[in-house]
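What follows is each chain in one-letter form.
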Amino acid sequence: MTAVADLGRVHLVGVGGAGVSVVARLLAARGADVQGSDAVEGPALAALREDGIRVWVGHEASHVVSPSGEPLVDTVVVSSAVRESNPELAAARAAGIRVLHRSEALAALMVGQRAVAVAGAHGKTTTSAMVATVLSACGVDASFAIGGTVRVRAADGTVTAIPGGHLGDSDVLVAEADESDGSFLNYAPTVAVVTNVEPDHLDHYGTREAFDAAFVAFAGRLQPGGVLVACADDAGAAALAAAHRAGGGTAVTYGTDPSSDVVIGDVDPGVEGATATLAGGPLGDAPLALRLSVPGAHNVLNATSAVVTAALLGTAPADAVAGAAAFVGTGRRFEPRGEAGGVRVVDDYAHHPTEIEALLRAARPVAGEGRLLVLFQPHLYSRTRIFADRFAAALALADDVVVTGIYKAREDVDPAVTARTITDLLPATASGGSVCAVEDRVEAAHAVAAAARPGDLVLTVGAGDVTELAPVILADLAG
């Protein structure tokens, strides 16, 4: 496996992306000569410049090769979103420069480390951040590569926002393991956490069977003596754990199911923060009280996997459970964006039906006596087409819903799939509230702001640029 020292000068294409910027920051912190480019200016580029990393706006072949075609860098790193027609990638191919996928560069950072790789169709960012937070609370300064800012509360109550790329002083590295394109199979972790195995990214895998097989292969990538940590409350993850054990591997399951190795009991999703008890497996038989600073039963599951992982890495279970309370959240995961006119606005990355259902169930008690309003931007035409009925069912948990145009990301436009693909299946919410499709995202923001009343909670939801609409909504509410 390639190590960081072997990469030479590294150019990262699309360095402003959440996943790629994290790798750039970690590579630079480990002493690599790093540069990169992105199509547009953004806050990530400014942060990278502050770290001393050279970045350009715009993709040009001259960033990687000289006018005569001689290589100017040793390695080019790309994500799955970068197409072969990209001038930098095309120039690197022509010049014979080594090209690595982002996951391969991250795998290089794992060489010589005890790596924790967190996989699952949803929950990866939050769980990865919780693992890093719990380890830090136990005195283990882990390096981490997480697709979002990590917010941690110190003992004095102050909250610190840590960028998604952090170089720690221990031998532990925590990383999200992205299954969307199969690139998580480049990792060989010490601990593999699987939050769920629920079908997604079928545009890449084609079938449920192929999706499941990729997770079996991921578990098979564990280092000798490595452990699979899997959620027993998810049928797919539970089946994965059983198959891994049948093949001679070691697994620890967690969940509310009494047959789990670590049993979760007395779950209260809370408003200020969820609580539960944990017992069994590496945590010991005596119940331990878990108190979180974030709400939601789904976060109890995420935190449990983090506590189990920390215990497997040698921390005291009681310290690990107590450390989970320091986690305040990550960027774009139930992130408060402001309040105006008596209306609170919160942003969330949820883009799969199960994620949206978990988000709305957690948000309902937070809304209190107010209504729950959602501005949802679907992510990918293929996902919208495949899960349209499930999106409608999940969004029905809100009071009023506005669905805006689809964020195409890496896909070409499919004119047959629109916001109405979802709203036509949802004439009204379960509470009898309104549902409408507004293709223009700014007009959609105006629509949800116009519908809001004092005391309401507004959520901007999706993995695309819907996050940019919170200021629009707040401005309307203030006006």
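Everything here concerns the structure above.
Computed from a predicted structure; not experimentally measured. (Residues numbered from 1 in each chain as written. Predicted model: local features only at pLDDT ≥ 70, side-chain atom pairs only at ≥ 80, totals over all residues. Heavy atoms only, no water.)

Description of the overall build of the protein
Consideration 1: Helix and strand counts for the protein come out as 15 helices and 24 strands.
Consideration 2: Per-residue burial over the protein gives 56% buried out of 479 residues.
Consideration 3: When the accessible surface of the protein is summed, it comes to about 18200 Å², and 53% of that surface belongs to carbon and sulfur atoms. (Helix = DSSP H or I, 4+ residues; strand = E, 2+ residues; numbered from the N terminus. Buried < 20%, exposed > 50% of the residue type's maximum accessible area, 1.4 Å probe, protein only. Areas by Shrake-Rupley, 256 points an atom, 1.4 Å probe, with all protein chains shown as cover.)

Observations regarding the side chain of Ser103
Consideration 1: Among the secondary structure elements, Ser103 is positioned in helix 4 (residues 102-110).
Consideration 2: Polar side-chain contacts of Ser103 include one of 3.4 Å to the backbone oxygen of Ser183.
Consideration 3: With sequence-adjacent residues up to four places away left out, Ser103 is seen in contact with Ser183, Asn186 and Tyr187. (Polar contact = N/O pair within 3.5 Å; in protein donor to acceptor, adjacent residues only side chain to side chain. Contact = heavy atoms within 4.5 Å.)

Notes on the sheet that holds strand 21 (residues 372-376)
Consideration 1: An order of 19-20-24-21-22-23 is seen for the 6 strands of this open sheet, with the pairing classed as mixed. Sheet topology places strand 19 (335-340) and strand 23 (435-438) at the edges, where each strand pairs with a single neighbour. Here the average twist between neighbouring strands, direction ignored, is 20°.
Consideration 2: Strand direction decides the pairing type here: strand 20 (residues 343-348) and strand 24 (residues 457-461), joined by 5 bridges, are parallel. Paired with Val345 across the bridge in strand 24 is Val458. (Pairing = 2+ DSSP bridges. Axes fitted to C-alpha atoms, helices over the stretch in contact; angles between N-to-C directions.)

Comments concerning the sheet that holds strand 8 (residues 150-153)
Paired through their backbone hydrogen bonds, the strands of a sheet run either parallel or antiparallel.
Consideration 1: Taken together, 3 strands build an open sheet; the order of strands is 9-8-18 and the sheet is antiparallel. For this open sheet the edge positions go to strand 9 (159-162) and strand 18 (327-330), each flanked by a neighbour on one side alone. Along the sheet, successive strands turn relative to each other by an average axial angle of 20°, direction set aside.
Consideration 2: Of the strand pairs in this sheet, strand 8 and strand 18 are connected by 3 bridges, and their pairing is antiparallel. Counted as the bridge partner of Arg151 is Gly329 from strand 18.
Consideration 3: Seen against the sheet, helix 5 (residues 124-137) touches strand 8 and strand 18 and runs at an angle of roughly 145° to strand 18.

Side note on the pattern of salt bridges
Consideration 1: In the structure shown here, the tally under the stated rule is 20 salt bridges.
Consideration 2: With its nearest N and O atoms 2.9 Å apart, the salt bridge here joins Asp399 to Arg364. With Asp399 in the loop between helix 12 (381-395) and strand 22 (400-404) and Arg364 in helix 11 (residues 353-367), the pair connects residues that are 35 residues apart, well separated along the chain.
Consideration 3: A salt bridge links Asp414 to Arg385; its shortest N-O distance comes to 3.9 Å. Separated by 29 residues along the polypeptide, Asp414 in the loop between strand 22 and helix 13 (420-423) and Arg385 in helix 12 bring together distant segments of the chain.
Consideration 4: Overall, the relative accessible area of 25% leaves Asp414 in the partly exposed class.
Consideration 5: What you see here is one network of salt bridges that share partners, running through Arg332, Arg337 and Asp347. (Salt bridge = Lys/Arg side-chain N within 4 Å of Asp/Glu carboxyl O.)

Remarks on unusual backbone geometry
Consideration 1: One non-glycine residue, Asp266, lies in the positive phi region at around 50°.
Consideration 2: Its location among the elements puts Asp266 in strand 15 (residues 262-268).
Consideration 3: Phi angles above zero are rare outside glycine, and Arg332 is one such case at about 65°.
Consideration 4: Here Arg332 shows up in the loop between strand 18 and strand 19.

Some points on the packing of aromatic side chains
Consideration 1: Evaluation of the coordinates by the stated rule reveals 4 aromatic pairs.
Consideration 2: Aromatic side chains Phe211 and Phe215 sit 5.2 Å apart centroid to centroid with 55° between the ring planes, which places their arrangement in the tilted category. Linking Phe211 with Phe215, this pair stays in helix 7 (residues 208-219), spanning 4 residues, or about one helical turn.
Consideration 3: Classification of Phe211 as buried rests on a relative accessible area of 0%.
Consideration 4: Ring plane angle 40° and centroid distance 5.3 Å describe the contact between Phe376 and Phe391, whose orientation is recorded as tilted. Taken together, the residues Phe376 in strand 21 and Phe391 in helix 12 connect sequence positions 15 residues apart.
Consideration 5: Among the residues examined, Phe376 registers a relative accessible area of 0% and is labelled buried.
Consideration 6: Assessed through its relative accessible area of 1%, Phe391 is described here as buried.
Consideration 7: One aromatic cluster in this structure is built from Phe184, Phe211, Phe215 and Phe218. (Phe/Tyr/Trp six-rings, centres within 6.5 Å; stacked < 30°, edge-to-face > 60°.)

Considering helix 7
Consideration 1: Between its first and last C-alpha, helix 7 extends 17 Å over 12 residues, near the 16 Å set by a 1.5 Å rise per residue.
Consideration 2: What helix 7 keeps buried is the set Phe211, Ala214, Phe215, Phe218 and Ala219. Looking down the long axis of helix 7, one finds its buried residues gathered within 140° of arc, a one-sided arrangement. (Expected span 1.5 Å × (residues − 1). Arc of directions from axis to C-beta.)

Re helix 1 (residues 18-29)
Consideration 1: Relative to the 16 Å expected for 12 residues at 1.5 Å per residue, helix 1 spans 17 Å between its end C-alpha atoms, a close match to the ideal helical length.
Consideration 2: Among all positions of helix 1, only Val20, Ser21, Val22, Val23, Ala24, Arg25, Leu26 and Leu27 are buried.
Consideration 3: Packed against the buried residues of helix 1 are strand 1 (9-13), strand 2 (33-38), helix 2 (43-50), helix 4, strand 7 (143-145) and strand 10 (165-166).

Regarding the nonpolar core
Within soluble globular proteins, side chains that are nonpolar tend to cluster in buried spots.
Consideration 1: Core analysis: the largest hydrophobic core is formed by 50 residues, its most contacted members being Leu12, Leu27, Leu106, Phe184 and Leu228.
Consideration 2: Discounting chain neighbours no more than four positions away, the residues touching Leu228 are Ala192, Val194, Ala219, Leu222, Leu240, Ala241, His244, Thr250, Ala251 and Val252.
Consideration 3: Core analysis: the second largest hydrophobic core is formed by 47 residues, Leu135, Ile146, Val174 and Phe327 among them. (Core = buried A, V, L, I, M, F, W, Y, C linked by side-chain atoms within 4.5 Å.)

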